[in-house]
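# Inside the fold
Here is how the chains run, residue by residue.
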Amino acid sequence: MEETNLVKSLNEPKRSILKEIFIPAGIILAIILAGGGTGWFLASRSIGKPTLTKELKGSAQVVESQKEVGIKDEKTFRDYATGRIEINDNGEVPEGSHKLIRPGGPSQTAYLTSSVVDLNQFLGKCVEVWGETFAAQKVGWLMDVGRVKVLNSCPEGL
């Protein structure tokens, strides 16, 4: 009759938790961190990017930088003004989605609309706008804005 071992020896090597769990988890974590670091590096490089310009028909160019956005076309957008952009929340004056508060009081306010630039990104900022003036029914100045440039300081009187 053969003897069978009913009790196993305690000296058998245990599978290492280090090899089974920690090494694969460490590799996965390193891959995730490398991907995140690469994304952060590429995103931070684009923050200080130079002005992007694209050529349009004729001599017009699309300008896109942190300080200036729009179409650089002085023939089409020959009118300009400086001031602070706000939303036109006056229900009595439905012309223009935004208004440009300018020195000199309410009579100097320019009402703005734009099919080129998202004016919401400039709310509360002092800017110079270029556009085309349109006939208005209820306001003194209605402008279709084609280009916006953020100013370092507001005009005197704002």
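In this report, the structure presented in the accompanying data block is examined.

The rules behind the values
- Residues numbered from 1 in each chain as written.
- Predicted model: local features only at pLDDT ≥ 70, side-chain atom pairs only at ≥ 80, totals over all residues.
- Heavy atoms only, no water.
- Salt bridge = Lys/Arg side-chain N within 4 Å of Asp/Glu carboxyl O.
- Helix = DSSP H or I, 4+ residues; strand = E, 2+ residues; numbered from the N terminus.
- Buried < 20%, exposed > 50% of the residue type's maximum accessible area, 1.4 Å probe, protein only.

### Details of the pattern of salt bridges
What the rule picks out here adds up to three salt bridges. A salt bridge links E68 to R147, with the nearest nitrogen and oxygen atoms 2.5 Å apart. Residue E68 is located in strand β3 (residues 68-72), and its partner R147 is located in strand β8 (residues 142-150); the two are separated by 79 residues in the primary sequence. By the burial criterion, E68 is buried, and R147 matches it. Measuring nitrogen to oxygen at the nearest pair gives 3.3 Å for the salt bridge that ties E74 to R147. Placement of the pair is E74 in the loop between β3 and β4 (79-87) and R147 in strand β8, with a sequence separation of 73 residues. Its relative accessible area of 47% is what places E74 among the partly exposed residues. In the salt-bridge network here, residues are joined through shared partners; they are E68, E74 and R147.

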